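Per-entry structural report
Okay, here's what each chain looks like letter by letter:
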Amino acid sequence: MLKEKPTTALSFRTNPEQALRAYHEQGFHIEENIFSDDECAALIEAAKYLENAKNETFRPQMMPHRQDAIYLNALRHPNISRIMNLLVDGTAMGLQTEFFYCKPGTRGFSLHQDNFFVQAPMGVFASAWVALTDTYLEKGGLIVYPGSHKEGLLPVRKLSMSKDSAQDPNANNEETIVPEKYKLLNASVPKGAALFIHGHVVHGSNPNQTNDWRYVLLNTYIRKGESFRAGNYAQREAIEL
Ligand SMILES: O=C(O)CCC(=O)C(=O)O
């Protein structure tokens, strides 16, 4: 198992061509300083007033941009959209936002490919998983299988776990079967950094074993004009950035 800090210090700010090449090779990229400390704090504060905080389930809030414009602005944040236009090789449109509270003890998200849910064509769909607090293995850290996006959509096996009421209702229904040649990597993503995820790269998350909340904002994007599945739960709609 590879441990912690995965990638090189490649950045789209200083070395966009190399960063894009590495993204196409690995299927993910970590870019630091996407959101400032103040922006992270404001997004966390606003989450206290979202439906799933008010009802005290602290289940990930699907589409918070429909409740508070701060999340619409975060979806449109130029630090993300500039990179997304490169990743989807065209004009990126916003598709989804989801705010993860991940209170202490919350179960991880089983291994999956985001495009399992979204069903977009290959290479036109990607996500930005933005850490609003430091994240690492014990604190609900993201798990990635570098290079696995090259397989296209992989088979899944059904899981029969009880539901964790503080986790996304679709988080543990099934898991992707990963070919043995791919190796698990635990990514440490510092506060304010985004882990950009290719729609076909296999990933998941660890449980939050700390006493702190692991706040994350997930935004997803698709190249303008491409097809996608709206989904019964997410009810995705493409939004101009
Ligand atoms: O934040 C997490 O725990 C995992 C989220 C994730 O991988 C996803 O929603 O695609």
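Residues numbered from 1 in each chain as written. Predicted model: local features only at pLDDT ≥ 70, side-chain atom pairs only at ≥ 80, totals over all residues. Heavy atoms only, no water.

The next thing to look at is helix H5 (residues 78-87). The set of residues buried in H5 consists of Asn79, Ile80, Ser81, Ile83, Met84 and Leu87. Once H5 finishes, aspartate 89 follows within two positions and takes phi at roughly 55°, a positive value. (Buried < 20%, exposed > 50% of the residue type's maximum accessible area, 1.4 Å probe, protein only. Helix = DSSP H or I, 4+ residues; strand = E, 2+ residues; numbered from the N terminus.)

Here glutamate 39 lies in helix H2 (residues 37-47). As a C-alpha pair, glutamate 39 and leucine 95 span 56 residues in sequence and 21 Å in three-dimensional space. Excluding anything up to four places from it in sequence, glutamate 39 contacts Ile34 and His77. Separated by 3.1 Å, the side chains of glutamate 39 and histidine 77 make a polar contact. (Contact = heavy atoms within 4.5 Å. Polar contact = N/O pair within 3.5 Å; in protein donor to acceptor, adjacent residues only side chain to side chain.)

All told, the structure shown has 9 salt bridges when counted by the stated rule. The residue glutamate 45 makes a salt bridge to lysine 48 at a minimum N-O spacing of 2.7 Å. We classify glutamate 45 as partly exposed; its relative accessible area is 36%. Of the charged contacts in the structure, one is a salt bridge between lysine 158 and glutamate 174, with a shortest N-O distance of 3.1 Å. (Salt bridge = Lys/Arg side-chain N within 4 Å of Asp/Glu carboxyl O.)

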